[in-house]
Amino acid sequence: MSANEMWGGRYAAGPSAVMERINASIGFDWQLYAQDIAASKAHCAMLVEQGIIGAADGTAILDGLDIILKEIESGKFEFKPALEDIHMNVEARLAELIGEAAGRLHTARSRNDQVATDLRLWIRDRIDALDAQLAALLAALIEKAEQEADTLMPGFTHLQSAQPITFGHHLMAYAEMFGRDRGRFADCRKRLNECPLGAAALAGTSFPIDRKQTASALGFDRPMANSLDAVSARDFALEFLSASAICASHISRLSEEIVLWCSEQFGFIRLSDSFTTGSSIMPQKRNPDAAELARAKAGRIVGALTGLLVVIKGLPLAYGKDLQEDKEPVFDTAGSLALGLEATAGMVRDMEADRGAMRAALEPGYPTATDLADWLVRVLGLPFREAHHVTGRLVALAEAKGQQLAELALDDMKSVEPRVTEDVFAVLSPEKSVQSRASLGGTAPGNVRKAAAAARKRLL
């Protein structure tokens, strides 16, 4: 086996078969081809501008890179594992196309700053795509919330019926979560938008390069300030994975609720055939598999974040081949999150609320008990803790009689608190309860409509 033609000058023999397999990354980093070619073109233009290589060589390199890009996009390019990675596959093909001039392209750069630049460009592109998907999901949530602004349902704590809320208010909570996800990705994009190109292997270069030119050509805000940091930093990848993991957890929480709501025991919503599947043995089944699979994506995305954190935590500066392990979790996460977002937006648009089932679910569980306690405070002037105690006794009395609070006789209420009047019954219906929750951020239908309109301006 011969030494690698790209770097094997001091080697008498080539790597073993297992070394080739563990060392090669072309099986996954081929996905960086567009970014790699774009960065090479920017680097080439700068080398010509600075007089480091000649104009004729620069033109040949740029033309050759255009040919390679078309070959890859058309599926005609042959990726060779022996050439290890996307960078050397492109450079080797460039040499086949234009000859000796191809060898000048790698002047004043290293694979270390190449790959750091390529990955930043790739993640930046994916953030832009994910942001568009998040905007589509937010639009679906806001539209559905407006449609369901008056739809009553139980609000839960500990998965126990707590207080009446509206379905629109519940959906708007997720709109706020996914809105923050957009902000996290925007912050990540801003921080990663510095250019490593020109840092070379770790120490910079003796050639008179113009790093500001290449940074600007590639849409970066500025060159990275420290050459060691430029080639070794992967916090931008970690931040992308972290933002993705948080977003995936939000998808998972909503998906879990969709699974519950679709069940016969809840029956709050129905998903169409587009987002459900059947059983191979039970013909009556309608399984919310889209929600279950979207929920499961969070596991692999959180795992990707954890895995890369472990890779990074013990690495000394600057570059170590361990950093080759940064790409697969990033690639997998981007794809998994994109699919999860698409499925979730589709389910939100598709879901049909069963308003009767949601309203009926408010009958058990004494969800207006807090409204009773608030009435005792507001009308009778009881301290809230005393009102809480009185209400608890009234709930116990209602339970013993097998009645709801609104079904108790006034005399029964007076047996616990003599000052209670007939007016108390006005606050014990779920409808009155949600209408009264008009404080900022509350569940009142008018609030939901205003929140949806404001979110459309603020989050989209």
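Above this text sits the structure in question.
Rules and cut-offs
- Residues numbered from 1 in each chain as written.
- Predicted model: local features only at pLDDT ≥ 70, side-chain atom pairs only at ≥ 80, totals over all residues.
- Heavy atoms only, no water.
- Helix = DSSP H or I, 4+ residues; strand = E, 2+ residues; numbered from the N terminus.
- Rg over C-alpha atoms; globule rule 2.2 N^0.38 Å.
- Buried < 20%, exposed > 50% of the residue type's maximum accessible area, 1.4 Å probe, protein only.
- Phe/Tyr/Trp six-rings, centres within 6.5 Å; stacked < 30°, edge-to-face > 60°.
- Lys NZ or Arg CZ within 6 Å of the ring centre and 35° of its normal.
- Patch = residues over 30% accessible without salt bridge, like charges linked within 9 Å, V, L, I, M, F, W, Y side chains within 5 Å.
- Areas by Shrake-Rupley, 256 points an atom, 1.4 Å probe, with all protein chains shown as cover.
- Salt bridge = Lys/Arg side-chain N within 4 Å of Asp/Glu carboxyl O.
- Pairing = 2+ DSSP bridges.
- Contact = heavy atoms within 4.5 Å.
- Axes fitted to C-alpha atoms, helices over the stretch in contact; angles between N-to-C directions.
- Parallel < 35°, antiparallel > 145°, perpendicular 65-115°, else oblique.
- Left-handed = near helix turned anticlockwise from the far one by under 90°.
- Nonpolar A, V, L, I, M, F, W, Y, C, P; charged D, E, K, R; others polar.
- Disulfide = S-S within 2.5 Å.
- Core = buried A, V, L, I, M, F, W, Y, C linked by side-chain atoms within 4.5 Å.

Our next topic: the overall build of the chain. Of regular secondary structure, the chain possesses 18 helices and six strands. Against the 2.2 N^0.38 benchmark of 23 Å for 460 residues, the chain shows a C-alpha radius of gyration of 31 Å, more extended than a compact globule. Its C-alpha atoms give the chain principal-axis dimensions of about 100 × 55 × 40 Å. Expressed as a percentage of the 460 residues in the chain, the buried residues total 47%.

A few words now on the packing of aromatic side chains. Overall, the coordinates contain seven aromatic pairs when judged by the stated rule. Here F167 and W261 contribute two aromatic rings whose centre-to-centre distance is 5.4 Å and whose plane-to-plane angle is 85°, an arrangement assigned as edge-to-face. In this pair, F167 sits in helix α7 (residues 167–192) while W261 sits in helix α10 (residues 235–262), placing the two residues 94 residues apart along the sequence. A relative accessible area of 2% means that W261 is categorised as buried. One aromatic cluster is present, built from ring pairs that chain together W30, F77 and F79. Its end group placed over the ring of F220, R124 keeps NZ or CZ at 5.0 Å from the ring centre.

On the surface, V18, M19 and I22 cluster together into a nonpolar patch covering about 300 Å² of accessible area. On the accessibility criterion, I22 (64% relative accessible area) is exposed.

Let us now look at the pattern of salt bridges. This structure, assessed with the given rule, holds 28 salt bridges. Note that R104 is salt-bridged to E100, the shortest N-O span being 3.7 Å. D412 serves as the salt-bridge partner of K401, at 3.8 Å between the closest nitrogen and oxygen. Of this pair, K401 sits in helix α15 (residues 384–401) while D412 is found in helix α16 (residues 410–416), placing the two residues 11 residues apart along the sequence. Exposure remark for K401: the relative accessible area of 42% places this residue in the partly exposed category. Salt bridges here are not isolated pairs; linked through shared partners, they connect E71, K80, R93 and E96.

With that settled, consider the pairing of strand β1 (residues 152–157). Here β1 pairs with strand β2 (residues 160–166) via six bridges, running antiparallel. Across the sheet, G155 pairs through a bridge with Q163, a residue of β2. In textbook terms, the turn of a hairpin is the stretch between consecutive antiparallel strands, and for β1 and β2 this stretch comprises two residues, one of which, H158, has a positive phi near 60°.

This part covers the environment of S227. Assignment of secondary structure puts S227 in helix α9 (residues 227–232). For the pair formed by S227 and G198, sequence separation is 29 residues and the distance between their alpha carbons is 8.1 Å. Beyond its immediate stretch of four places on either side in the chain, S227 contacts A199, L202, A203 and G204.

Residue L317 is joined to A318 through a cis peptide bond whose omega torsion reads 10°. Assignment of secondary structure puts A318 in the loop between α11 (289–313) and α12 (327–350). Positive phi, close to 60°, is recorded for H158, a residue that is not glycine. With a relative accessible area of 76%, H158 lands in the exposed category.

A few words now on the packing of α7 against α10. With their axes 9 Å apart at the nearest point, α7 and α10 run at an angle of 165° to one another. Put simply, α7 runs roughly antiparallel to α10. In this structure, α7 crosses over α10, and the sense of that crossing is left-handed. Its residues assigned to classes, the contact of α7 with α10 shows 15 nonpolar, three polar and seven charged.

Before going further, it helps to examine the environment of A345. With respect to the secondary-structure elements, A345 resides in helix α12. For the pair A345 and K450, spaced 105 residues apart in sequence, the C-alpha to C-alpha distance is 22 Å. Contact partners of A345, with chain neighbours within four places excluded, come to L137 and A140.

Turning our eyes to something else, we now look at the state of the cysteines. In this structure the tally under the stated criterion is zero disulfides. Not part of a disulfide, C44 finds its nearest cysteine sulfur in C195, a span of 15 Å. Relative accessible area serves as the criterion here: at 0%, C44 is assigned to the buried category.

What follows is about the nonpolar core. Within the largest apolar cluster, 87 residues are counted, with the highest numbers of intra-cluster contacts made by I123, F178 and F240. Per-element accounting of this core gives the leading share, 14 residues, to α10. Not counting the four nearest positions on each side in its chain, I123 is found in contact with L192, F236, A237, F240 and V330. L376, V420, V424 and V427 belong to the second-largest nonpolar core, a separate cluster that totals 21 residues.

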